[in-house]
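Here are the chains, one letter per residue:
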Amino acid sequence: MRIEFEPRMEGGIGISGAAFRLPRNRVSVRELRTDYESALQPGRASDLLIPKLRQVSLDEVNHVHVFNGEPEGSLALDAIREILETRRVAGKEIGLLIDYSTVSRAANGISLCYKLQRDLGADNALTLAVNNGSCASFQLALQTAVAFLKSRDEIQYAILFSEDRTRGKRFHPPMSVLGDGASALLLERNAQRGLILDQASNSMGKFCDILGVNHWNETNFDLSAFENRVVPLHYKITRELVLRVLERQRLTLKDIDLVLYQNMSGNDFRGLAAALAVDIDRIYLDGLEGHGHIFGSDLVINLCLARRAGKLNPGSRSLLISSGAGFSWAVTLIQN
Amino acid sequence: MNEIDNNTIRQNVLDYLVSMHFNEYEGDVRFDTPLLELGIIDSLSMMTCILFLEQKYGLDFFEIDVSRNDFASINTIATLVSRSLETQKTAVAAQ
């Protein structure tokens, strides 16, 4: 069964702040070579198409950041505080606090949203975790937040955050290198920039049997089924979602100044460019090196880096595109 | 779907693959050429091939159980199309 979610925006709700934090500890991907080569052993990924088509190279990532003793929630808290201070928003003004972490929660298995609610003094916030173990959690959290803001007038500000720490192998399959980090967004009514113009997502429930519990540690992840059943449709679904959003807004890909995509590999960036028939330089590529794939944080990291690099001029339009195991695909159109 | 139709599908797919010149493959492409093994079809060319088949035969691949192995050769692609058209025809007749 395919489930689609397509809220149409009427303007006014926007991403008015974004920040990310990385653990201090840097690990060269060369040190992870054993994991990498293990992931390419015969009978596994090497028998499939992934190594040829979507495989990451060690050089293009160079290094990732890895947690090493930082307290749970500390990086996410820093990222949120940076946004709140910049926007001069107090903790008590936050009406909604959503955790979109993918692979990591507090030690007791419960979302970090309560701990951060306390640390921020966000007494008035409704707390929620959109955490299905998939990188798509970020965009699904974004859609959820927009739906809340549209339906609850008393919510002026929503904070979305994640803090992901991988426990186990960092190549799985070798489509990317998993890094650790935290990210946060401020969603705001009557925002002056980062306006969310449209969103769409597509969930293919018929693929749910490909995953199992703890799939990022390779337990119950049917890689062969992923390759055989999901990969043939991956770029088609992505492309159709993009075109649907653009058509609804009476835009074309020529109206998009920059595409922000998940940081998987150079091959995957090139695959997206080919699927959308756009030049690779219209996709933001610089977030992969030094970060690897940090699940839902990828898009926030790329948003921050692109803004810093002056690539998101006021009034320009960007597409946020990502997908996640489970399997969901999502697109957000924003006006910077 | 009868034999003639299946041959037509195979020929249409062959013409399409030759015209697209996927991955700059220079050898002959026949009905039994191993498309995946030779790298003629990858995940990107698979996507464009799926779009071609949807447009040409009115199929919806969201509703079809498609697998990478269905793209192993032109023969298997034609079988996929024939099977899907038959399923689609049966579903319409049942309505």
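Residues numbered from 1 in each chain as written. Chains lettered and ligands numbered in written order. Predicted model: local features only at pLDDT ≥ 70, side-chain atom pairs only at ≥ 80, totals over all residues. Heavy atoms only, no water.

Asks: Hey, could you run me through the overall build of chain A in this one?
Replies: Within chain A, the secondary structure is distributed over nine helices and 12 strands. Relative to its full complement of 336 residues, chain A shows a buried share of 62%. Long-range pairs, those at least 24 residues apart, make up 80% of the contacts in chain A with a sequence separation of at least 6. (Helix = DSSP H or I, 4+ residues; strand = E, 2+ residues; numbered from the N terminus. Buried < 20%, exposed > 50% of the residue type's maximum accessible area, 1.4 Å probe, protein only. Contact = heavy atoms within 4.5 Å.)

Asks: What is the right way to read unusual backbone geometry from this model?
Replies: Most of the time, phi is negative for any residue but glycine, and the peptide bond is trans. Residue and element names in this part refer to chain A. For N62, which is not glycine, the phi dihedral falls at a positive 70°. Among the structural elements, N62 can be located in the loop between α3 (58-61) and β4 (63-65). A residue is classified by how much of its surface remains accessible, and N62, at 35% relative accessible area, is partly exposed. Unlike most non-glycine residues, R88 shows phi in positive territory, near 55°. Inspection of the secondary structure puts R88 in the loop between α4 (74-87) and β5 (94-99).

Asks: Before we go on, may I ask you to explain the side chain of B:N12 in this structure?
Replies: Residue and element names in this part refer to chain B. Considering the arrangement of structural elements, one finds N12 in helix α1 (residues 3-20). The buried category is assigned to N12, whose relative accessible area is 19%. Leaving out residues up to four positions away in the same chain, N12 has contacts with F52, K56 and Y57.

Asks: For this particular structure, what's the right way to read the interface of chain B and chain A?
Replies: Many structure descriptions define interface size as the accessible area lost when the parts assemble. On the chain A side, the residues contacting the 20 residues of chain B number 24 residues. Summed over both partners, the interface of chain B with chain A buries about 1800 Å², with 64% contributed by carbon and sulfur atoms. Counting the contacts that link chain B with chain A gives one salt bridge. With a closest N to O distance of 2.7 Å, A:K236 and B:E54 form a salt bridge. At the boundary of chain B and chain A, one finds three residue pairs in polar contact (both at pLDDT 80 or more). Taken together, the residues that form the side of chain B that touches chain A break down as 10 nonpolar, three polar and seven charged. (Buried area = accessible area lost by both parts, 1.4 Å probe. Salt bridge = Lys/Arg side-chain N within 4 Å of Asp/Glu carboxyl O. Polar contact = N/O pair within 3.5 Å; in protein donor to acceptor, adjacent residues only side chain to side chain. Nonpolar A, V, L, I, M, F, W, Y, C, P; charged D, E, K, R; others polar.)

Asks: Whenever I open this one, empty space enclosed by the protein confuses me. Can you help?
Replies: All names here are of chain A. In total, this model carries two cavities of 30 Å³ or more according to the counting rule given. If you add up the space inside the second largest cavity, you get close to 40 Å³. Lining the second largest cavity we find C135, F138, Q262, H293, F295, G296, D298, L299 and S322. Along the lines of polarity and charge, the residues of the lining of the second largest cavity split into four nonpolar, four polar and one charged. (1 Å grid on protein atoms, 1.4 Å probe; cavity = no way out; pocket = protein on both sides within 12 Å on 5 of 7 lines; lining within 4 Å. Points joined across faces, edges and corners; volume = space filled by probe spheres on them.)

Asks: Explain the nonpolar core here, please?
Replies: Soluble, globular proteins show a tendency: their nonpolar side chains are buried together. Grouped together as the largest cluster of nonpolar side chains are 82 residues, with contacts concentrated most on A:I321, A:F327, B:L53, B:F61 and B:F71. Of the residues that make up this core, three or more belong to each of domain 1 (2-25 + 65-191) and domain 2 (195-335) of chain A. Within the second largest apolar cluster, 36 residues are counted, among which are A:Y100, A:V130, A:I294 and A:L320. (Core = buried A, V, L, I, M, F, W, Y, C linked by side-chain atoms within 4.5 Å. Domains from an automatic or database assignment.)

Asks: Help me understand the packing of aromatic side chains, please; the structure alone is not making it clear to me.
Replies: The way to describe two aromatic rings as a pair is by their centre distance and the angle between their planes. Residues and elements named next belong to chain A. The final tally for this structure, using the stated rule, is five aromatic pairs over all chains. Grouping aromatic residues by their ring pairs yields a cluster made of F207, F327 and W329. The ring of F67 has R165 sitting right over it, with the charged end atom 3.7 Å from the ring centre. (Phe/Tyr/Trp six-rings, centres within 6.5 Å; stacked < 30°, edge-to-face > 60°. Lys NZ or Arg CZ within 6 Å of the ring centre and 35° of its normal.)

Asks: Can you help me understand the pattern of salt bridges in this one?
Replies: A side chain with one charge can pair with a side chain of the opposite charge if their charged atoms come near. Residues and elements named next belong to chain A. Under the counting rule described, the total for this entry stands at 15 salt bridges over all chains. For R152, the salt bridge is made with E154, and the minimal N-O distance between the two is 2.7 Å. Ionic contacts of the salt-bridge type, sharing partners, join the residues E72, E163 and R165 into one network.

Asks: In this structure, what is going on with the pairing of strand β10 (residues 258-261) of chain A? I would like to understand it.
Replies: Side-chain positions along a regular strand alternate between the two faces of the sheet. Residue and element names in this part refer to chain A. Burial of the side chains of β10 extends over both faces: L258 and L260 are buried on one face and V259 and Y261 on the other. Bridge count for β10 against strand β11 (residues 317-324) is four bridges, and the pairing is parallel. Among the inter-strand pairings, V259 is bridged to a residue of β11, identified as L319. (Pairing = 2+ DSSP bridges.)

Asks: Would you explain the environment of A:A79 in this entry?
Replies: Residue and element names in this part refer to chain A. Looking at the element boundaries, A79 is found in helix α4. Given the relative accessible area of 0%, A79 is considered buried. Spatially, the C-alpha atoms of A79 and F161 are 8.4 Å apart, while their sequence positions differ by 82 residues. Leaving out residues up to four positions away in the same chain, A79 has contacts with A19, F20, R21, S183 and A184.

Asks: Looking at this structure, how should I read helix α9 (residues 297-308) of chain A?
Replies: Given 3.6 residues to a turn, an α-helix orients residues that are three or four positions apart in the same direction. Residues and elements named next belong to chain A. With 12 residues, α9 extends 16 Å from end C-alpha to end C-alpha; this agrees with the ideal 16 Å at 1.5 Å per step. Where burial is concerned, most of α9 is hidden: 10 out of the 12 residues are buried. Of the positions making up α9, those classed as buried are S297, D298, L299, V300, I301, N302, L303, C304, L305 and A306. (Expected span 1.5 Å × (residues − 1).)

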